[in-house]
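Spelled out from the first residue to the last, the chains are:
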Amino acid sequence: MALRPVMVNIKAVDHAAVGRFWAEALGWSAYSPGGTTYVGPPGGLVWPDPVAVGIDVVPVPEARTATKNRVHLDLATTSGAHQAELVARLKDLGAAPADVGQGEVPWTVLADPEGNEFCVLEPREVYRDTGPIAAVVVDCADPRDMARFWGAALDWDLREVTDDHAVLRSARTGGPYLEFLRTPGVQPVADRVHLDLLPYPGDDKTAEVARLRALGAADLDVGQGDVPWTCLTDPEGHEFCVLALP
């Protein structure tokens, strides 16, 4: 029994516009199968994608506050020229420079049109085969505890764990990394960005949710009502959802 991350869920007032931004940013396509905008690799809607972690932009009535998101995307580049070109193109698409206290670093911090931070990384060999999304990065207080919980929750391999950093990646498909970064002073907040997980075919969603609770997950009520997915938080209060199999 295990789960797999299939989407990064981003809340937005204008989900169509934010979805278009991310589709153009990643070189992917935006699809509107229902009341959200799903962004995934081009060539037609395939869900769940066998390799990529997609983006699902969900409409909400309230604008984002000034509080820094605890989850963000890192984008991969292949050269210094590619990084500079991508940053320029993203700004043309509506991204803005963001200051999250990063200081002088080789990567560039930007925010999407509704203020959600992300990073455009300098070329790194470790991300050479991830696709456009290098990593989903989660701010946390204790990467070791996050590695314990998420390593047991997912079927992804634990690649590294220290007091400052924990890294997981799928051994089956490759794709982006899931990284937990120790961030002093991080506080639980209502998450504007979170992960959506899915059981594998043949696995039971109810049993998976029970297993997560035994690992330390807690139920979360965000006003979702009677829906086919289950909203939970991990031991540090990061929101995530367990979706129903299609």
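Residues numbered from 1 in each chain as written. Predicted model: local features only at pLDDT ≥ 70, side-chain atom pairs only at ≥ 80, totals over all residues. Heavy atoms only, no water.

### Thoughts on the overall build of the chain
We apply this condition: Strands here mean DSSP runs of E at least two residues long; helices mean DSSP runs of H or I at least four residues long; both are numbered from the N terminus. Values of the radius of gyration come from C-alpha atoms, whereas the globule rule sets the reference at 2.2 Å times the count of residues to the power 0.38. Each residue is placed in one exposure class: buried if its accessible area under a 1.4 Å probe, protein chains only, is under 20% of its type's maximum, exposed if it is over 50%, and partly exposed if it falls in between. Contacts are assigned to residue pairs that have any heavy atoms within 4.5 Å of one another.
Looking only at helices and strands, one finds four helices and 16 strands in the chain. Over its C-alpha trace the chain gives a radius of gyration of 17 Å, about what one expects of a compact globule, namely 18 Å for 246 residues. In terms of overall dimensions, the chain has C-alpha extents of about 50 × 40 × 35 Å along its principal axes. Burial status across the chain gives 50% buried among its 246 residues. For the chain, long-range pairs separated by at least 24 residues make up 63% of all intrachain contacts whose partners lie at least 6 apart in sequence.

### Brief notes about the pairing of strand β13 (residues 193-199)
Looking along a regular strand, one sees side chains alternate from face to face of the sheet. To be explicit about the condition: A pair of strands is treated as paired once DSSP finds two or more bridges between them.
For β13, the tally of buried residues reaches seven of seven residues, placing the bulk of the element in the interior. Here strand β1 (residues 3-12) pairs with β13 via seven bridges, running antiparallel. Residue pairing for β13: M7 is matched across the bridge by D196. Relative to strand β16 (residues 239-242), β13 runs parallel, the two being bridged by three bridges.

### What about the side chain of D139?
By secondary structure assignment, the location of D139 is in strand β9 (residues 133-140). Apart from the residues within four sequence positions on either side, D139 is in contact with K68, N69, R70, L181, T183, V186 and H238.

### A closer look at the sheet that holds β9
Two orientations exist for strands paired in a sheet by backbone hydrogen bonds: parallel and antiparallel. Threshold: Structural elements are reduced to axes, namely lines fitted to C-alpha atoms, with helices fitted over the stretch in contact, and the angle between N-to-C directions of any two is expressed from 0 to 180 degrees.
On the basis of which strands lie adjacent, the open sheet formed by eight strands has the order β6-β7-β8-β5-β9-β12-β11-β10 and mixed pairing. Bordering the open sheet on either side are β6 (96-97) and β10 (157-161), each of which pairs with just one other strand. Pairing of β6 with strand β7 (residues 108-111), which is carried by two bridges, proceeds in the antiparallel orientation. By the bridge assignment for β7, P97 is matched with L110. Strands in contact with helix α3 (residues 143-153) are β9, β10, β11 (165-170) and β12 (174-182); relative to β12, the strand with the most contacts, it is inclined by about 140°.

### As for the environment of T230
The condition that has to hold: In protein, a polar contact means a hydrogen-donor-capable atom and an acceptor-capable atom, both N or O and within 3.5 Å, with residues adjacent in sequence counting only if both atoms are side-chain atoms; elsewhere, any N or O pair within 3.5 Å suffices.
Checked against the element boundaries, T230 lands in strand β15 (residues 230-233). Spatially, the C-alpha atom of T230 lies 25 Å from that of V186, the residues being 44 residues apart in sequence. When sequence neighbours within four positions are dropped, the list of residues in contact with T230 reads K205, V209, R213, F240, C241 and V242. There is a polar contact of 2.7 Å between the side chain of T230 and the side chain of K205.

Taken by themselves, the reported measurements are silent on function.
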